[in-house]
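# Breakdown of the fold
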Amino acid sequence: MLIRSDRRGFTHRLTSEITPRGVYENRRQWLQGLAAGAAGAAMAGWPARDAQAQTARPGKLPPLPGSLSKVAGAVTMEKLTGYADVSSYNNFYEFGTDKDDPARHAAQMKTSPWTVEIEGLVNKPGRYAIEDLLKLSPMEERVYRLRCVEAWSMVIPWVGYSLSELIRRVEPQGSARYIEFVTLADREQMPGVRSRVIDWPYTEGLRMDEAMHPLTLLAFGMYGEVLPNQNGAPVRVVVPWKYGFKSAKSIVKIRFVEQEPRTAWNKAAANEYGFYSNVNPDVRHPRWSQATERRIGEDGLFDKKRKTLLFNGYEVQVGQLYAGMDLRKNY
Ligand code: MTE
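My aim in this report is to walk through the structure given alongside it, one point at a time. (Residues numbered from 1 in each chain as written. Predicted model: local features only at pLDDT ≥ 70, side-chain atom pairs only at ≥ 80, totals over all residues. Heavy atoms only, no water.)

When you go through the protein residue by residue, the secondary structure sums to nine helices and 14 strands. Each of the 331 residues in the protein was classed as buried or not, and the buried ones make up 54%. When contacts within the protein are restricted to residue pairs at least 6 apart in sequence, long-range pairs at least 24 apart make up 72% of them. (Helix = DSSP H or I, 4+ residues; strand = E, 2+ residues; numbered from the N terminus. Buried < 20%, exposed > 50% of the residue type's maximum accessible area, 1.4 Å probe, protein only. Contact = heavy atoms within 4.5 Å.)

The strands making up a sheet associate through backbone hydrogen bonding, with each pair oriented either parallel or antiparallel. With respect to topology, five strands assemble into an open sheet ordered 4-3-12-7-8, the strand pairing being mixed. In the strand order of this sheet, the two ends are held by strand 4 (126-129) and strand 8 (203-207), each with one partner. Within this sheet the neighbouring strands show an average axis-to-axis angle of 20 degrees, counted without direction. Where strand 7 (residues 178-183) lies against strand 12 (residues 251-257), six bridges are found, and the strand directions are antiparallel. Across the sheet, residue Phe181 finds its bridge partner in strand 12, namely Ile254. (Pairing = 2+ DSSP bridges. Axes fitted to C-alpha atoms, helices over the stretch in contact; angles between N-to-C directions.)

This paragraph deals with the site of the ligand. The immediate surroundings of the ligand are formed by 16 residues, with Asn90, Tyr93, Glu94, Arg236 and Lys249 found nearest. One of the side-chain N or O atoms of Glu94 is found 2.8 Å from a nitrogen atom in the ligand. Burial of the ligand by the surrounding chains reaches 98%, relative to a free accessible area of 530 Å². In terms of residue class, the shell around the ligand is built from seven nonpolar, six polar and three charged. (Near = heavy atom within 4 Å. Polar contact = N/O pair within 3.5 Å; in protein donor to acceptor, adjacent residues only side chain to side chain. Areas by Shrake-Rupley, 256 points an atom, 1.4 Å probe, with all protein chains shown as cover. Nonpolar A, V, L, I, M, F, W, Y, C, P; charged D, E, K, R; others polar.)

Right, here's the structure in full:
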C-alpha cells in the first residue's frame, strides 16, 4: 500500500483498487442511455450474467436499467468507495468468515435460475422469477452509506427500487406486522454453510413500517451493474440506517408474519445483536465502541476515523419510526 500527500496536505491511500473516475462515469453514461430507452437490452443480458459475474471487475458485469434522477440517499456528496474495495472486502459468512473469502468463493454460486418465494400473511403469495422482480418497478440508483457493526463503513451506489413496491403488489394482510428474509444456504455451493457459526439459513427481519420505508431498497445492482455474487447477487436488501448485518444477501424467501422473527445474529448472540440494530454511536457493542468508524479505502496511517452518526446519518428520514422507543433497550 502506498501513501501519498497531495497539495492540500491530505494523506490518502493510493491503490489500484480505487475505481478510476473515468470508468465510473462511463458506466453512469451507459446507465443513463439505458434509462433513456434501451432497458430491454439490459434485461436480455440477464441470463448471461452468471458467467460474467465470476470476474467481479468494474465494467465487466451486465448493466442494469436505471434512472439517475432520483437519488434518495442523503450522502451523495461523499466520495464513493472504490468498486474493488466494495467487491473484495465482504461479510458473507456462507462463503467463510474472512473478509476475502466471499470474493474467492462466491463465483461458484449459481444465480440463474433464481426465484424468490413470497409467503405468509399476504393475499398474493407465490414464487417470483428474478426476471419478473427486475421488471416490477423502474430501477433507481441510490448512494447509501453502509455501516457495519464491526465499525467500518463504505459509500456505495446501489441500483434497485424500494422494497415497498414489491410489498404493495403482494397485498399484506392486516395481521402482517413483520417481514422475514430467508437467504440461500446451499452446502454444495457455499463452503461456509458447513461451519456452525450461524444457524443456517441466514435470516433477517424488519418491522412492516421499516420494510415499507422508501429508503429500504431491494437491490439488484451496484455501480450501474448487476451485483457481484459476493455482494448478494442476484437480489438483496439494503437498509441504510441499520448495521450492515440487517441487509440480507441472496434472498430466496420473504415471509410476512405476525410475531417478531428470530434473526440469525440474534440467535447467535442475543446480548450483542438486537432485532432493531439501528446505527447508534451512543450504544456500545458489548465488546467495542460504536462511536467512530473507519471508512474502507481511507485507512492510511494518517487517515482519521469518522464519527458515527445516529441512524447512520438518516435520522431526518427515519427517526420518527422510533418515536417513544427506548433505543438503548431496543438496540
Ligand atoms: N447476508 C447473508 N446472507 N450472509 C451474511 O453473512 N452479512 C451481513 C450482510 N448480509 C451477511 C449478509 C453483514 S455483517 C454485512 S456488514 C453486509 O451484508 C455486508 O455487505 P457487503 O459485503 O455488500 O458490504
